[in-house]
Amino acid sequence: GFALSTVPQPMSTEKVSSKRAELTRRLRRDFERMDKVLVFATYTALLDAVHWDIERELGTPDAGGPTVFRYDGRVRITGGARDRIKAEFKASPPGKKAVMLVSTTAGGVGLNLNYLWKAYFMDQNLNPQVEQQAGDRVYRRGQTHAVEIVRLNMRDTADPPLERVKALRLEN
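Each value, and the rule that gives it
Residues numbered from 1 in each chain as written. Predicted model: local features only at pLDDT ≥ 70, side-chain atom pairs only at ≥ 80, totals over all residues. Heavy atoms only, no water. Phe/Tyr/Trp six-rings, centres within 6.5 Å; stacked < 30°, edge-to-face > 60°. Helix = DSSP H or I, 4+ residues; strand = E, 2+ residues; numbered from the N terminus. Buried < 20%, exposed > 50% of the residue type's maximum accessible area, 1.4 Å probe, protein only. Polar contact = N/O pair within 3.5 Å; in protein donor to acceptor, adjacent residues only side chain to side chain. Contact = heavy atoms within 4.5 Å. Axes fitted to C-alpha atoms, helices over the stretch in contact; angles between N-to-C directions. Parallel < 35°, antiparallel > 145°, perpendicular 65-115°, else oblique. Left-handed = near helix turned anticlockwise from the far one by under 90°. Nonpolar A, V, L, I, M, F, W, Y, C, P; charged D, E, K, R; others polar. pLDDT = per-residue confidence, 0-100.

**Student:** Before we go on, may I ask you to explain the packing of aromatic side chains in this structure?
**Tutor:** The description of two aromatic rings rests on the distance between their centres and on the angle between their planes. This model, assessed by the stated rule, comprises 3 aromatic pairs. Ring geometry for F40 against F121: centres 4.7 Å apart, planes inclined by 20 degrees, an arrangement best described as stacked. Here F40, found in strand β1 (residues 36-41), pairs with F121, found in strand β4 (residues 118-121); they are 81 residues apart in sequence, far enough to count as distant. Here F40 and F121 have matching classes, each one buried. Arranged with centres 6.5 Å apart and planes meeting at 45 degrees, the rings of F89 and Y115 form a pair that is tilted. Pair noted here: F89 is in helix α3 (residues 81-90) and Y115 is in the loop between β3 (98-103) and β4, with a separation of 26 residues, a long-range link. Judged by its relative accessible area of 0%, F89 is buried. Through successive ring pairs, a cluster of aromatic residues spans F69, F89 and Y115.

Pasting the structure below:
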């Protein structure tokens, strides 16, 4: 398939951030009631770390863990690679867990995932429109089911000040 077979190990593996630990805890719970989850991040290095965490904490697909798909700037636009990734993710059979890791900038173009029930935003993009477009990939007007979009914002980090900056940008 098109899931990454090798994941670059994050620069520091000794300490997993509280945000990444919270994500894997939530994914473990999510997979008790759903098969597919989407995770957005602005930076591909964070997507690498999240991929590593998922394999370490939830297992590789061979060990019963989710298959991890990537949709970011590393995926070639030409040759149909992005379409194949989307199709393979959507076609994951019921009962087979899958996570798609998406960069917010790549997730804003040509990606329709309105069959999903849940998405996470791992970090902040200072352009609130980029985040809005990425979130729109999961929810479309007229859709019949609710979608839960979770922003993993942590206290005592850069998240609260960045939220204020984004709010100001939306006002102006």
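**Student:** I would appreciate a short explanation of the side chain of D72 in the present structure.
**Tutor:** Mapped onto the elements, D72 comes out in the loop between β2 (67-71) and α3. Within the local environment of D72, its side chain forms a polar contact with the side chain of R70, the two groups lying 2.7 Å apart. Apart from residues no more than four positions distant in its own chain, D72 is found in contact with T44, L47, R82, S103 and A106.

**Student:** Can you help me understand the packing of helix α1 (residues 18-30) against helix α2 (residues 44-58) in this one?
**Tutor:** Helices that pack against each other are described as a pair by the angle of their axes relative to one another and the distance between those axes. Axis separation between α1 and α2 bottoms out at 10 Å; the angle between their running directions is 50 degrees. Classified by the interaxial angle, the pair formed by α1 and α2 is oblique. Remark: the crossing between α1 and α2 carries right-handed chirality. Within the contact between the two elements, α1 uses R20, L23, T24, L27 and R28 and α2 uses L46, A49, V50, D53, I54, E57 and L58. A breakdown of the residues in the contact of α1 with α2 according to their chemical character gives 7 nonpolar, 1 polar and 4 charged.

**Student:** I'm lost on the environment of P61 in this one. Help?
**Tutor:** Here P61 is to be found in the loop between α2 and β2. Relative accessible area serves as the criterion here: at 34%, P61 is assigned to the partly exposed category. Discounting chain neighbours no more than four positions away, the residues touching P61 are P66, T67 and K96.

**Student:** I keep staring at the confidence of the model for the chain and nothing clicks. Help me out?
**Tutor:** Reading predicted coordinates in detail is not appropriate for stretches of low pLDDT. With 83% of its residues at a pLDDT of at least 70, the chain reaches an overall mean of 80. The model gives residues 1-7 a pLDDT under 50, and that stretch makes 14 contacts with residues more than four places away or in other chains.

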